[in-house]
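Observations on chain architecture
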Amino acid sequence: MMEKSKHDEMTQNLDRLIADGALQGKTLFLFGHCNATEELAELLFYKGYRIEAILDNSLTKQGMLAKDIQIVSPESVNWEAYQDNAAVLIVTRFYEAMSRQLKNLGFPGKTWKLVDYNTFSEYSLSGETIRRKKRRLEYGQEVLLGIKRKYPGYFRVFCPFPALGDIYFTAGFLPRFLKERGEERCVICVPTRVCEKVVSLFGDYPAEVLPQKELDAAIQAVIYTQDTHSFIAHQDRPYVVQLSKALYAKEIPLEEIYARGVFGFKGECALAVPTKWKDYSYLGDIHPGRAAVLSPYAKSVVALPEEIWRDLADDLVRKGFQVFTNVFGDEKPIEGTVPISPEINEMKSVVERAGLFIGIRSGLCDILRTAGCRKVALYPDYFYCDTKWKAIEMYSIDGFENIAVGDGFSWRP
Amino acid sequence: MAEEAFVKDPILTVLEEDLLQYDRVYLLGEGIDFGKLARAADRSEKKMIFYFPENLCAEEEVSCFPAYRRISPEQENVILNLYRMYEFTDNFHLLDADSRNYGNLLNYMESGVLTAEEVYEALL
């Protein structure tokens, strides 16, 4: 599921468009298939709109259906025929590139950005854009200075994106990275409290939680000043990080991308083991070894159909398991299961007590790498971005049963 | 106080024109093997132009590239300042070996994940 703040932003922007009549009589397209686009599709359906197609540049996705909507290439649409009766809605971070691509294809209508995922980019060299970006940079330099003052002498690591797996890899490789850089003290700047909690699993690194736009601006300042005591730890954000281009040629598992590409390690390298766990306060409510924890929700992953989880839950209940659904915020437990909401640092105790964890492949699976129980990761059948690698190839985890969910999925634990 | 009027440096006008004419525009920095890069560019189907700062290399080192521009240190600074301020297009990139502030594709070559040929093709 999208982060609530982003979903709210999307909903508000959509409602504004509707109120302004911008979608009146328009044939609607969405551009860029991803979790957020599927959520937008659901929102539009709920509001009574029909979607003509989802545009996507991925050859492997074209021809597939998502939410019963055909995925097609932008080039395959006869845009002239629509005149200005078509509108394209975008909720990915590639709004600028997509907008430009449509313009180059002769798209006569309007493209709308419903979520601002990418404050780094604006495809313009106009004086107004440069002035605006200069102001953003100046703001970022103030934020960076504030962090330097708060943590004098600390090496600064910036994690631009709130995906828990990315934070896990950063924190897990940090001891070696700091040693190689000759640094002793480090502060990690992250975009959410949950990310902070992932950092805390690995030790007493101070973590500074910054609102996303502030974090982005500080990262821009790092890029601009080439600050020698700061590092941006991510495999494809922001735009200056080009590591993902290698994936067009070769499949490189995510852990390797971080170890070799991001941190530049040579030779053997292993993730540090997180040790700062806590026992869940209600472990006594979980039947030891005869319970299962389902984790169906993830922010940055396309969701699996709910019936997959219901069928799994039914099967487990029939087999005598006590079945929990890990939920956070507004997330609903799968029918027939009990909601459970442990903190990140309590999850290990919960799944070890239960004995079985089945989760959609997400950052939570990385966090549970060292948990001593049966662990299953379910992979939606999708390709990593527009590469030819399936998610299961990129994200497989040792110690887990890694299972792809395709048509006719019938796997049972 | 009124903001200063923006005066666009002429190199940015050249850059805009190149971005229209070419699929990719690359600014070269330190640590790149020009021979390997030129061979990768030769194999690519994309139309690209390379900007070489005058103080980076001699003219004869870059003549193997299909399209290039020699730019002055001042022009290089203008472009780099903009590139480091925001992403003004995804068709322009700085190619260098610097990995002080973030990961670099050349790291894959040094660790053996990719061959040199694979890395230089990925750069483009």
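Residues numbered from 1 in each chain as written. Chains lettered and ligands numbered in written order. Predicted model: local features only at pLDDT ≥ 70, side-chain atom pairs only at ≥ 80, totals over all residues.

**Here's the deal with the confidence of the model for chain B**
When the pLDDT values of chain B are averaged, the result is 92; 95% of them are 70 or greater. Scoring the predicted complex yields pTM 0.89 and, for the interface, ipTM 0.95. (pLDDT = per-residue confidence, 0-100.)

**Here we look at the domain arrangement of chain A**
Residues and elements named next belong to chain A. According to the domain assignment, chain A contains domain 1 (4-113), domain 2 (127-262) and domain 3 (283-405). The centre of domain 2, based on its C-alpha atoms, is set 28 Å off from the matching centre of domain 3. Listed by contribution, the elements that provide at least two residues to the side of domain 2 that touches domain 3 are helix H6 (164-181) and helix H7 (193-200). (Domains from an automatic or database assignment. Helix = DSSP H or I, 4+ residues; strand = E, 2+ residues; numbered from the N terminus.)

**Some thoughts on the sheet that holds strand S9 (residues 207-209) of chain A**
Residue and element names in this part refer to chain A. Reading across the sheet, the four strands line up as S9-S8-S7-S10 and stay open at both edges, with parallel pairing between neighbours. Looking at the sheet topology across the chains shown, the edges are occupied by S9 and strand S10 (230-232). The average angle at which neighbouring strand axes cross in this sheet is 20°, direction not considered. Here H7 sits on the sheet in contact with strand S8 (186-190) and S9, set at roughly 175° to S9. (Pairing = 2+ DSSP bridges. Axes fitted to C-alpha atoms, helices over the stretch in contact; angles between N-to-C directions. Contact = placed C-beta atoms within 7 Å.)

**Digging into the nonpolar core**
Within the largest apolar cluster, 119 residues are counted, with the highest numbers of intra-cluster contacts made by Val-157, Phe-158, Val-198, Ala-218 and Leu-294 of chain A. Setting aside residues no more than four positions away along its own chain, Ala-218 of chain A makes contact with Gly-140, Val-143, Leu-144, Ile-147, Phe-158, Cys-189 and Leu-210 of chain A. (Core = buried A, V, L, I, M, F, W, Y, C linked by C-beta atoms within 7 Å. Buried ≥ 20, exposed ≤ 12 C-beta atoms within 10 Å, placed from the backbone.)

**Looking at the interface of chain B and chain A**
Between chain B and chain A, the contact holds 28 residues from the first and 41 residues from the second. Listed by contribution, the elements that provide at least two residues to the side of chain B that touches chain A are helix H1 (10-21), helix H4 (73-85), helix H5 (106-110) and helix H6 (116-123) of chain B. For the side of chain B that touches chain A, the class distribution of residues is 11 nonpolar, seven polar and 10 charged. (Nonpolar A, V, L, I, M, F, W, Y, C, P; charged D, E, K, R; others polar.)

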